[in-house]
Amino acid sequence: MKQPVAVILAGGQARRMGGGDKALMTLAGRPMISHVLDRIEPQVAGLCVNANGDPDRFKRFGLPVVRDSVEGFVGPLAGILAGLDWAAERGHDHVVSVAADTPFFPPDLVPYLLMGLDNGPISLAMTGDQVHPTFGIWPVAVRDELRAALMDGTRRVLDWTTAQGATTVPFFQTDPDPFFNINTPDDLALAESYFTKDAS
């Protein structure tokens, strides 16, 4: 298998944060997406950002920006589909998805997700009994089936991946939680405190 590429999911509306781009909010003196890039870039052969609206706001990062092909902000499955379409155009077989608002995910995420493909066509991250459906590896071959499911109204990632026979890969629970995602101003303050603690 070729080394996979990745899509950073930044297409949400950040309602609980008051709107705007969570990926571009400042965390430890840098845009949040910079921390995500630090973790995912060494693990993959290339990457893109899934975001809607003006792509120029991500221009400083030098990454291709792909928008949802299904209109209406229908959730992360649409972003995963956009990443799969982008990868297919470049001849890649698999795409790793990561969330733009989750800056502490494991630096060995991809190798472990790849091992999960021995047990199913899609491999999702898990800690304890919680599945993290925006962190997974997806075969490009499922993109037409995913597109049809989205057009038929499917929205929940786990509903669709369960039907596909997806497997899960357990990751150690650490402090901070490796899949802690920043949804609210309080979450952002807590994430800031983790960086402050690491620096002290």
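Residues numbered from 1 in each chain as written. Predicted model: local features only at pLDDT ≥ 70, side-chain atom pairs only at ≥ 80, totals over all residues. Heavy atoms only, no water.

Trainee: What's the story with the nonpolar core in this structure? I'm lost.
Mentor: In this structure, Ile8, Ile40, Val96, Val98 and Leu109 are the most contacted members of the largest nonpolar core, which totals 30 residues. Only strand 1 (5-9), helix 1 (32-40), strand 4 (47-50), strand 6 (94-99), helix 3 (109-116) and strand 8 (130-139) provide two or more residues apiece to this core. Examining the composition of this core, we find that four residues originate from one element, helix 1, more than from any other. Beyond its immediate stretch of four places on either side in the chain, Ile8 contacts Ile33, Val36, Leu37, Ile40, Leu47, Cys48, Val49, Asn50, Val98 and Ala100. Counting 26 residues, the second-largest nonpolar core is a separate cluster that includes Val5, Ala78, Trp138 and Val157. (Core = buried A, V, L, I, M, F, W, Y, C linked by side-chain atoms within 4.5 Å. Buried < 20%, exposed > 50% of the residue type's maximum accessible area, 1.4 Å probe, protein only. Helix = DSSP H or I, 4+ residues; strand = E, 2+ residues; numbered from the N terminus. Contact = heavy atoms within 4.5 Å.)

Trainee: Please clarify how helix 2 (residues 76-89) should be interpreted in this entry.
Mentor: An α-helical segment advances 3.6 residues per turn. Residues three or four places apart therefore align on the same side. For helix 2, with 14 residues, the first-to-last C-alpha span of 20 Å sits near the 20 Å given by 1.5 Å per residue. Burial of helix 2 is extensive: eleven of the 14 residues sit out of reach of the surface. Along helix 2, the residues that are buried comprise Leu77, Ala78, Gly79, Ile80, Leu81, Ala82, Gly83, Leu84, Asp85, Trp86 and Ala87. (Expected span 1.5 Å × (residues − 1).)

Trainee: For this particular structure, what's the right way to read the environment of Thr161?
Mentor: Positionally, Thr161 belongs in helix 5 (residues 157-163). Exposure remark for Thr161: the relative accessible area of 1% places this residue in the buried category. With 34 residues separating them along the chain, Thr161 and Phe195 place their C-alpha atoms 34 Å apart. When residues no more than four places from it in sequence are discounted, the contact partners of Thr161 are Ile122, Leu124, Trp138 and Ala166. A polar side-chain atom of Thr161 sits 3.4 Å from the main-chain carbonyl oxygen of Leu158. (Polar contact = N/O pair within 3.5 Å; in protein donor to acceptor, adjacent residues only side chain to side chain.)

Trainee: What exactly am I supposed to notice about the packing of helix 2 against helix 4 (residues 143-151) here?
Mentor: Describing two packed helices takes the angle between their axes plus the distance from one axis to the other. Close contact between helix 2 and helix 4 brings their axes to 10 Å; oriented N to C, the two are set at 150 degrees. In terms of axis orientation, helix 2 runs roughly antiparallel to helix 4. Viewed along their axes, helix 2 and helix 4 form a crossing whose handedness is left-handed. Of helix 4, the residues touching helix 2 (which contributes Leu77, Ala78, Ile80, Leu81, Leu84, Asp85 and Ala88) are Arg143, Leu146, Arg147 and Leu150. Partitioned by chemical class, the residues of the contact of helix 2 with helix 4 number eight nonpolar, no polar and three charged. (Axes fitted to C-alpha atoms, helices over the stretch in contact; angles between N-to-C directions. Parallel < 35°, antiparallel > 145°, perpendicular 65-115°, else oblique. Left-handed = near helix turned anticlockwise from the far one by under 90°. Nonpolar A, V, L, I, M, F, W, Y, C, P; charged D, E, K, R; others polar.)

Trainee: Before we go on, may I ask you to explain the pairing of strand 8 in this structure?
Mentor: Residues in a regular strand point their side chains to alternate faces of the sheet. Pairing analysis gives four bridges linking strand 6 to strand 8, with the strands arranged antiparallel. Each bridged residue has a counterpart across the sheet, and for Ser97 the counterpart in strand 8 is Gly136. (Pairing = 2+ DSSP bridges.)

Trainee: What am I meant to see in the packing of aromatic side chains here?
Mentor: Centre-to-centre distance and the angle between the planes together describe a pair of aromatic rings. Per the counting criterion, the structure on display carries ten aromatic pairs. Look at Phe104 and Phe195: their rings are 5.3 Å apart centre to centre, the planes differ by 35 degrees, and that puts the pair in the tilted class. Here Phe104 is found in the loop between strand 6 and helix 3, whereas its partner Phe195 is found in helix 6 (residues 185-199), with 91 residues between them in sequence. For Phe104, a relative accessible area of 8% translates into the label buried. Residue Phe195 is classed as partly exposed on the basis of its relative accessible area, which comes to 22%. (Phe/Tyr/Trp six-rings, centres within 6.5 Å; stacked < 30°, edge-to-face > 60°.)

Trainee: What's the story with the side chain of Thr102 in this structure? I'm lost.
Mentor: Within the secondary structure layout, Thr102 lies in the loop between strand 6 and helix 3. Taking the relative accessible area as the measure of exposure, Thr102 reaches 1% and is therefore buried. Aside from chain neighbours lying at most four places away, what touches Thr102 is Val36, Phe135, Pro178, Phe179, Phe180 and Asn181.

Trainee: What am I meant to see in the sheet that holds strand 1 here?
Mentor: Strand pairing in a sheet takes place through backbone hydrogen bonds and is either antiparallel or parallel in direction. With mixed pairing, seven strands are arranged side by side in an open sheet as 5-4-1-6-8-7-9. This sheet does not close on itself; its edge strands, each paired only once, are strand 5 (65-66) and strand 9 (167-170). Along the sheet face, helix 1 touches strand 1, strand 4 and strand 6 and points at about 160 degrees away from the line of strand 1. Helix 2 contacts strand 1, strand 4, strand 5, strand 6 and strand 8 of the sheet and is inclined by roughly 150 degrees relative to strand 1.

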